[in-house]
Amino acid sequence: MAINDINGAEISAGHKSDLRRRKLGAIMSSDPFFAQDNEFNIHSSHRSSNVSSSSPPSDSTMYFSERNSVDSSPWSQPSPYVKSPWIQYQFSGDEEKNEVDAQKSGSYVLVGSLSREEGHIYSLAASGDLLYTGSESKNVRVWKDCQDFSGFKSSSGLVKAIVVYGDRIYTGHQDGKIRVWRSSGDKRSTHKRVGNLPTTRDLLRKSINPRNYVEVRRNRTVPWIKHYDAVSCMSVDTDQGLLYSGSWDRTFKVWRISDSKCLESVCAHDDAVNSVEVGFCGLFFTGSADGTVKAWRRELVGKYTKHVLVETLLNEDHAVTSLAVNRAAGALYAGSSDGLVRFWERGKHFMSFSGVLRGHKMAVLCLASMGNLVLSGSADSTICVWRRDVGGVHMCMAVLTGHGGPVKCLAVKNDTAETAEEDEGKSWVVYSGSLDKSVKVWRVTEHASVSLTERQEE
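Thresholds, definitions, all that
- Residues numbered from 1 in each chain as written.
- Predicted model: local features only at pLDDT ≥ 70, side-chain atom pairs only at ≥ 80, totals over all residues.
- Heavy atoms only, no water.
- Pairing = 2+ DSSP bridges.
- Helix = DSSP H or I, 4+ residues; strand = E, 2+ residues; numbered from the N terminus.
- Axes fitted to C-alpha atoms, helices over the stretch in contact; angles between N-to-C directions.
- pLDDT = per-residue confidence, 0-100.
- Contact = heavy atoms within 4.5 Å.
- Salt bridge = Lys/Arg side-chain N within 4 Å of Asp/Glu carboxyl O.
- Buried < 20%, exposed > 50% of the residue type's maximum accessible area, 1.4 Å probe, protein only.

### Let's talk about the sheet that holds strand β22 (residues 331-336)
Ordered in space as β21-β22-β23-β24, the 4 strands form an open sheet in which the pairing is antiparallel. In this open sheet, the two edge strands, each paired with only one partner strand, are β21 (320-326) and β24 (351-358). Direction aside, neighbouring strands of the sheet carry axes that sit 20 degrees apart on average. Here β21 pairs with β22 via 6 bridges, running antiparallel. Across the sheet, asparagine 326 pairs through a bridge with alanine 331, a residue of β22.

The following block contains the structure:
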């Protein structure tokens, strides 16, 4: 089914400023530092199957029925877009049959579930045969072949973001610090902490000069190279050897990996930065709780190289919670607290808004893109699998269910198992981390795309 909508919502600058305090509070409330664990009890009901067909329920009222208890969490509120395609769309016989055949053939399979009683899962990173998971316990667990392999622990700050580059693991924490770890050669079960970002040396050097301080709150200043609030997201530019970090302090910072030096700090948004993504054609994207998505480019300005704002792609009154980039297709996806996934495509001159994917009842908390597939994880405890077809048309191929709480993070790697057959199409292993304190492992297969013309002929 084609799910595209080019209607976007914008608000005035005055109205937007009134919402900033509320939005930042909404983002913070999903964190155990600001809310109790029972905030997500509304999502604790389990479904009977692991993969559900994307055909709509016979009674739309049942799909949007209220829970027995009322939850004040911003993630538990239903989407204001009540005209959901789940209600409006009716499958034709062929499409419904294709959905059933896809599930029977094992296109979307739950492989296993990883669980340790260490609190909510906030971050994931897959590297080779290892999976790194970050939780509110300050621990980073390392998994191999769905088994607990090893782990390492920071002194403070729950782990909100993890990225892996070579033999180094970067973890972003609630306390505003970025910690750097290194795996010990062939003995990958051993990880040692090798430093922080910024380094202690650079921080001391910058602290000496008063001109290196910026005002972050009334009567409070900090060195510009240091995040003073939670590090919520990170992304690596492998071509340039750069690490980007986004924070609730409304900035993103650029780090040179070779010497751990902070090259730049950009006050990018009016509220918390929730997602940063290295894009294509030299572009870099940021999404924020202020409801905006911005595109940046690294350019030479005078004697220095700086990030320059190219365009604000989105400006609306719902917090942007996650971003994902399809570099091959030149597409950017943005998930929001209204339950929608908006996307843009690379045009002749720049990015053009191309539509909306509607499949969730609650906030979209994470996104992942691989091949022609896009995955969206939501506070409604489900994961939608979207396939991008010819002409940028997207179809919801399946809805993965099984989590008992909001799906907070996703990680993807190529499936190298012997069970992945070439004639079935490209296959991936997908990891989904949830606030139900578990990580589920899925095998997702991408079949060949079918054009609209071919589908009509069939």
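### What about the confidence of the model for the chain?
Considering every residue of the chain, the mean pLDDT works out to 77; 71% of them sit at 70 or more. Counting interchain partners and residues more than four positions distant, the pLDDT-below-50 stretch residues 1-105 has 199 contacts. Across residues 448-458 the pLDDT falls below 50, and counting only partners more than four positions away or on other chains, this stretch makes 17 contacts in the model.

### Side note on the pattern of salt bridges
Within this structure, the stated rule accounts for 11 salt bridges. Salt-bridge contacts for aspartate 129 lead to lysine 144; the nearest nitrogen and oxygen are separated by 3.5 Å. Pair noted here: aspartate 129 is in the loop between β3 (121-127) and β4 (130-135) and lysine 144 is in strand β5 (residues 139-144), with a separation of 15 residues, a long-range link. Here arginine 388 ties to glutamate 345 by a salt bridge, and the two come within 2.5 Å at their closest N and O atoms. Placement of arginine 388 in strand β27 (residues 383-388) and of glutamate 345 in strand β23 (residues 340-346) is noted, with a sequence separation of 43 residues between them. Look at arginine 388 and you get buried, because its relative accessible area is 12%. Glutamate 345 sits in the buried class, given a relative accessible area of 18%.

### Some words on the side chain of threonine 251
Structurally, threonine 251 is set in strand β15 (residues 251-256). By relative accessible area, threonine 251 is classed as buried at 10%. Here threonine 251 is in contact with His227, Ser245, Gly246, Ser265, Val266, Cys267, Ala268 and Val273, once residues within four sequence places are set aside.

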